[in-house]
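Below, each chain spelled out in residue letters.
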Amino acid sequence: MDEKKRSTLITLSAVVAGYAALRYGPNLIPQELQLVDLDRPIGFRKFVAGETSGGSFDPFAGMGDSDSVAINEAKLRADARVGENVCRALYGELDLTTGQVPVASFSDYYCPFCRIQTKRLADIVKSKGNEISVAWHELPLLGEGSSLAAKAALAAKRQGAYVAFHERLMKTPFVANPEYLARLSQDLEIDEEQLLADIDSTAVSQELENSAALSRALALVGTPALVIGRTVVQGQVSDSMIMRIIALEREEGWAEQCNYA
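The model shown is predicted, which means the values in this text are computed figures rather than measured ones.

Trainee: Which residues make up the sheet that holds strand β4 (residues 132-138), and what are the values?
Mentor: To summarise the sheet geometry, strands pair through backbone hydrogen bonds and adopt either a parallel or an antiparallel arrangement. One open sheet accounts for six strands, arranged β1-β2-β6-β5-β3-β4; its pairing is mixed. Edge positions in the sheet fall to β1 (36-37) and β4, since each has one partner strand and no second. Where strand β3 (residues 101-107) meets β4, seven bridges bridge the pair, whose relative direction is parallel. Along β4, the bridge assignment pairs S107 with E138. Across the sheet, helix α4 (residues 112-128) touches β3, β4 and β5 (225-228), and the angle it forms with β4 is around 150°.

Now the structure itself:
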């Protein structure tokens with residue numbers, strides 16, 4: 001092969017590799033499984049993966065200074081609830097009697113990396129549902145639109161429509177507002193009045209507070225984040241690494257290590 005053809009081939013290969021990296025992201029990037037033990041919660045460890053979206057939106061935003069004592073007390077109660085058994089707080093809604101390894105997913109509807117990872121995680125569940133079960137946690141960090149979307153999804157869960165709401169909110173280019181939620185309720189044929197009532201309910205607020213408390217307990221710095229068994233994964237991560245950690249958690253007996261049994 002002459003030098004000109006060789007140069008052209010190398011250039012084309014680089015272009016193809018660059019496009020693939022942008023299109024498929026972390027799935028093509030080999031990663032080492034380097035785990036760091038956390039001081040707290042005891043028994044947990046962390047794997048730092050790819051990119052995240054950070055923020056500091058507070059579920060108690062909008063309350064005045066006079067409510068600061070009540071806010072602190074609510075946070076302390078949430079910290080106490082999840083602190084009793086972190087694994088139960090992470091996975092309590094899952095039926096794990098079939099031996100699946102649990103995954104807790106923390107995401108924000110307007111985090112671009114979350115939109116990619118939650119879709120890929122849902123695809124893994126469809127293909128390997130006998131190995132993995134996912135608890136979806138709302139962690140709105142990117143403003144009031146994120147908070148309203150999270151509350152709406154949790155309200156929809158009260159009508160058995162969480163998955164449908166979750167999927168639509170992850171795909172929409174619109175920021176959640178009452179008009180959009182009304183239209184979405186009509187599309188999914190759920191009770192709009194009940195949805196709006198549940199958005200402001202104590203149960204939905206407490207669920208958000210619990211997820212925020214879990215993020216504090218696990219020192220999450222942004223979304224997306226996963227907890228696989230007792231391994232905290234911060235950032236976007238490849239499918240192959242998710243399955244590798246699942247295999248490790250199964251091998252090491254995550255339930256006993258995590259005090260879940």
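Let's pick the thread back up.
Trainee: Tell me what's going on with the nonpolar core, and back it up with residues and numbers.
Mentor: Counting 68 residues, the largest nonpolar core has F44, L90, Y91, F106, F165, V227 and I228 as its most contacted members. Tallying contributions element by element places helix α5 (residues 144-157) first for this core, with seven residues. Setting aside residues up to four positions removed in sequence, F44 forms contacts with D37, L38, V86, C87, L90, L218, V227, G229, R230, V232 and C258.

Trainee: Give a detailed account of the pattern of salt bridges, specifying residues and quantitative values.
Mentor: Enumeration according to the criterion identifies 11 salt bridges in this entry. The shortest N-O distance in the salt bridge between E93 and K157 comes to 3.8 Å. Residue E93 is found in the loop between α3 (86-91) and β3, and its partner K157 is found in helix α5; the two are separated by 64 residues along the sequence. E93 sits in the exposed class, given a relative accessible area of 51%. Given the relative accessible area of 28%, K157 is considered partly exposed. In this structure, D123 engages K119 in a salt bridge whose closest nitrogen and oxygen atoms are separated by 2.8 Å. With D123 and K119 both in helix α4 and four residues apart, the pair spans about one turn of that helix.

Trainee: How would you explain the packing of aromatic side chains if you had to name every residue and give the values?
Mentor: Per the stated rule, a full pass over the model turns up two aromatic pairs. Here the aromatic rings of Y91 and W254 are separated by 5.9 Å at their centres, their planes lie at 80°, and the arrangement is edge-to-face. Of this pair, Y91 sits in helix α3 while W254 is found in helix α11 (residues 254-257), placing the two residues 163 residues apart along the sequence. The class for W254 is buried, based on a relative accessible area of 9%. Ring centres of F174 and Y180 lie 6.1 Å apart, and the angle between their planes is 45°; on these two criteria the pair is classed as tilted. Among the residues examined, Y180 registers a relative accessible area of 8% and is labelled buried.

Trainee: So what about the environment of I245? Which residues, and what values?
Mentor: Here I245 shows up in helix α10 (residues 239-252). For I245, a relative accessible area of 1% corresponds to the buried category. Separated by 12 residues in the primary sequence, I245 and V233 place their C-alpha atoms 9.5 Å from one another. With residues near it in sequence (within four places) discarded, I245 still touches L33, F47, I228, T231 and V233.

Trainee: Could you give an account of helix α7 (residues 178-187), with specific residues and numbers?
Mentor: Note on helix geometry: an α-helix contains 3.6 residues per turn, so any two residues three or four positions apart are oriented the same way. Within α7, the full set of buried residues consists of Y180, L181, A182, L184 and S185. The inward-facing, buried residues of α7 contact α5, α6 (162-171) and α8 (192-199). Capping of α7 at its N-terminal end is provided by N177; its side-chain oxygen lies 3.1 Å from the backbone amide nitrogen of E179. At the C-terminal side of α7, E189 shows a positive phi close to 55°.

Trainee: Describe the state of the cysteines, naming the residues involved and giving the relevant values.
Mentor: Inspection of the entire model under this criterion finds one disulfide. Each sulfur of the disulfide joining C87 and C258 lies 1.3 Å from the other. Taken together, the residues span a long stretch of sequence, with C87 in helix α3 and C258 in the segment after α11 at a distance of 171 residues. The same class applies to C87 and to C258, which are both buried.

Trainee: Residues and numbers for the environment of I42, please.
Mentor: Structurally, I42 is set in the loop between β1 and β2 (45-48). By relative accessible area, which is 75% here, I42 ends up exposed. Put simply, I42 and N259 are 217 residues apart on the chain and 9.9 Å apart in space, counted from C-alpha to C-alpha.

Trainee: Any details on the side chain of S185? Residues and values, ideally.
Mentor: You can see S185 is positioned in helix α7. One polar contact links the side chain of S185 to the main-chain carbonyl oxygen of L181, over a distance of 2.8 Å. Beyond its immediate chain neighbours, meaning those up to four positions away, S185 contacts F165, I190, E192 and L195.

Thresholds, definitions, all that
Residues numbered from 1 in each chain as written. Predicted model: local features only at pLDDT ≥ 70, side-chain atom pairs only at ≥ 80, totals over all residues. Heavy atoms only, no water. Pairing = 2+ DSSP bridges. Helix = DSSP H or I, 4+ residues; strand = E, 2+ residues; numbered from the N terminus. Contact = heavy atoms within 4.5 Å. Axes fitted to C-alpha atoms, helices over the stretch in contact; angles between N-to-C directions. Core = buried A, V, L, I, M, F, W, Y, C linked by side-chain atoms within 4.5 Å. Buried < 20%, exposed > 50% of the residue type's maximum accessible area, 1.4 Å probe, protein only. Salt bridge = Lys/Arg side-chain N within 4 Å of Asp/Glu carboxyl O. Phe/Tyr/Trp six-rings, centres within 6.5 Å; stacked < 30°, edge-to-face > 60°. Polar contact = N/O pair within 3.5 Å; in protein donor to acceptor, adjacent residues only side chain to side chain. Disulfide = S-S within 2.5 Å.

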